[in-house]
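Chain by chain, the residues:
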Amino acid sequence: MTLGPLPARCEVCIVGGGIVGASVAFFLSQAGIRDVLLLERGRYGDGSTGRAVGGVRHQFSLAANVRLSLRSIAFYRDAQRILGVDVELHQIGYLFLLTNPTDVAEFARAAGLQQSLGVPTVVLEPTQARRLVPDVDLEGVLAATYCPWDGYADPGSALDGLLRGAREEGVRTYSDTPVTAINRDAGGWDLVTPGAVTRAERVVICAGAYSRDVGALAGLDVPVLPYRRQVYVTEPFDRLPRDMPFTIDFGTRFYIRPEPPGFLLGMDDPNEPSGWDTSTTSEFLERLVDAAVARVPVLAEARVHRGWGGLYEVTPDHKPLIGATPLPGLWLCCGFSGHGFMHAPAAGMAMAELLTTGRTRDDLTDFDPGRFARGEVREERYVI
Ligand SMILES: Cc1cc2nc3c(=O)[nH]c(=O)nc-3n(C[C@H](O)[C@H](O)[C@H](O)COP(=O)(O)OP(=O)(O)OC[C@H]3O[C@@H](n4cnc5c(N)ncnc54)[C@H](O)[C@@H]3O)c2cc1C
């Protein structure tokens, strides 16, 4: 939705109209900051949000990420009441299949951490995993972890709901409005767009994989790099259970989840360098099919219907950047490293807390953008 000319001033300007920018806008408005502009260079959801597969999980190696998941997934569960939108949350669970002894030890430790935070993750014997996915080949599988609260939801509905909720509270959102320069003086920030300049007291960069470029406009080095991910959907396929968990073969990073009437398949490509290419390739699809059929042999009978590529927005430690920068009034909420859909609500809540009170309920030190300069880096290990 476009509202006519940009206003000359605003209290907060959000750059980026994906799920994270929409969430920051919504929660700022809920916290009483309504003089907010959200600027999106294309259409809302044009970036990674429109390419995401909607996975939501509590299974992470760091407590800070588990807490983001707890808040966010509770929000999505309640989205109909809060936003008037059904985000189609399917809590079918996530099943991690582990083939490496180091991963088994790490996942067992992390399951204990998750349980201590109230998350019902369990460590399973391989044969127990087979009860959840009857057609799985357990070759090499040493153990598994399962959390029934995990699953997937629809990023498009969540984005629409958050944007609508923000607009109802007075937030003004502009699509087709690229920010082309960001200049600062003592009075605030000037955001230059093709038709107008708007002055903001505070700016929040929510530009996903493009956050480094947007940060550079303001003179800030934002450590976020783009990495391609490819996913494919099968034609209708009834040889696997419709309610099987979102299953991840952690050794190959192959994953599968239901996408009725078929299934959705994806995989990490650890050898691919950072880049902006989002095309799909037959070489990758071949490797994906090999990994898929090795772990779930019945997939040899499935036919691929379509596929697409998109960008992960990756930081050096696979954790987001949420918080202040050394430049007064410039804030970051980006770099979710492939977890931005599942963590957007909690990130929006945290930004609203920071911009209204300067503090957050949860300890967000792990996500402080200054951590790299201080050398305090703890990596998130559950990365797919
Ligand atoms: C194939 C794939 C599968 C994924 N699966 C999952 C999943 O299962 N679960 C999960 O949680 N996450 C998943 N992700 C990651 C998720 O999509 C991202 O973490 C999330 O969408 C990031 O949201 P964002 O709002 O930060 O970024 P984006 O959605 O990329 O939004 C940023 C926006 O900023 C805009 N922008 C850029 N530059 C400018 C500018 N100069 N001026 C104005 N606007 C600008 C862009 O146009 C874009 O719309 C997946 C990603 C991919 C590619």
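What you are looking at is a predicted structure, and each value in this text was computed from that prediction instead of being measured. (Residues numbered from 1 in each chain as written. Predicted model: local features only at pLDDT ≥ 70, side-chain atom pairs only at ≥ 80, totals over all residues. Heavy atoms only, no water.)

Structural notes on the pattern of salt bridges
So, step 1. The final tally for this structure, using the stated rule, is 26 salt bridges.
So, step 2. Here Asp35 makes a salt bridge to Arg172, at a shortest N to O gap of 2.7 Å. Of this pair, Asp35 sits in the loop between α1 (19-30) and β2 (36-39) while Arg172 sits in strand β8 (residues 172-174), and the two are 137 residues apart along the sequence.
So, step 3. A residue is classified by how much of its surface remains accessible, and Asp35, at 32% relative accessible area, is partly exposed.
So, step 4. Between Arg109 and Glu106 there is a salt bridge whose closest N-O contact spans 2.9 Å. One end of the pair, Arg109, and the other, Glu106, are both in helix α4 (residues 101-116), three residues apart, so they sit about a helical turn from each other.
So, step 5. Among the charged side chains, a network of salt bridges with common partners joins Asp317, Lys319, Asp366, Arg371 and Arg378. (Salt bridge = Lys/Arg side-chain N within 4 Å of Asp/Glu carboxyl O. Helix = DSSP H or I, 4+ residues; strand = E, 2+ residues; numbered from the N terminus. Buried < 20%, exposed > 50% of the residue type's maximum accessible area, 1.4 Å probe, protein only.)

Side note on helix α8 (residues 282-295)
So, step 1. Taking 1.5 Å of rise per residue, 14 residues should cover 20 Å, and α8 covers 20 Å from first to last C-alpha, within 8% of that figure.
So, step 2. Buried within α8 we find Phe284, Leu288, Ala291, Ala292 and Arg295. Buried residues of α8 fall within an arc of 100° about the axis and therefore sit on the same side. Away from its buried face by more than 90 degrees, α8 exposes Ser282, Glu283, Glu286, Asp290 and Ala294.
So, step 3. Elements in contact with the buried residues of α8: β4 (94-98), β12 (225-234), β13 (246-249), β14 (254-259) and β15 (262-267). (Expected span 1.5 Å × (residues − 1). Arc of directions from axis to C-beta. Contact = heavy atoms within 4.5 Å.)

Things to note about the domain arrangement of the protein chain
So, step 1. Parsing the protein chain into structural domains produces domain 1 (9-52 + 155-224 + 317-374) and domain 2 (94-148 + 226-314).
So, step 2. The C-alpha-based centres of domain 1 and domain 2 are spaced at 31 Å.
So, step 3. Each partner contributes to the interface: domain 1 provides 14 residues, whereas domain 2 provides 10 residues.
So, step 4. The junction of domain 1 with domain 2 conceals about 1,000 Å² of combined surface from both sides, 56% of it contributed by carbon and sulfur atoms.
So, step 5. There are zero salt bridges connecting domain 1 and domain 2.
So, step 6. Where domain 1 packs against domain 2, one counts five residue pairs in polar contact (both at pLDDT 80 or more).
So, step 7. The residue inventory of the side of domain 1 that touches domain 2, partitioned by class, reads five nonpolar, seven polar and two charged. (Domains from an automatic or database assignment. Buried area = accessible area lost by both parts, 1.4 Å probe. Polar contact = N/O pair within 3.5 Å; in protein donor to acceptor, adjacent residues only side chain to side chain. Nonpolar A, V, L, I, M, F, W, Y, C, P; charged D, E, K, R; others polar.)

Section: the site of the ligand
So, step 1. The immediate surroundings of the ligand are formed by 35 residues, with Glu40, Thr49, Gly55, Glu313 and Met342 found nearest.
So, step 2. A distance of 3.2 Å is found between an oxygen atom of the ligand and a backbone nitrogen or oxygen belonging to Ile19.
So, step 3. One of the backbone nitrogen or oxygen atoms of Phe341 is found 3.0 Å away from an oxygen atom of the ligand.
So, step 4. When the ligand is considered free in solution it has 1,000 Å² of accessible area, and contact with the protein chains removes 97% of it.
So, step 5. Elements that contribute at least two residues to the shell around the ligand include exactly α1, β16 (304-314) and α9 (340-357).
So, step 6. Of the residues forming the shell around the ligand, the biggest block, four residues, is contributed by β16. (Near = heavy atom within 4 Å. Areas by Shrake-Rupley, 256 points an atom, 1.4 Å probe, with all protein chains shown as cover.)

Thoughts on the pairing of β4
Consecutive side chains along a regular strand alternate between the two faces of the sheet.
So, step 1. Most of β4 is tucked away: five of the five residues are buried.
So, step 2. Residue alternation in β4 divides its side chains into two sets, Tyr94, Phe96 and Leu98 and Leu95 and Leu97, and both sets are buried.
So, step 3. Bridging between β4 and β13 involves four bridges; their strand directions are parallel. Bridging from a neighbouring strand, Leu97 pairs with Asp249 of β13. (Pairing = 2+ DSSP bridges.)

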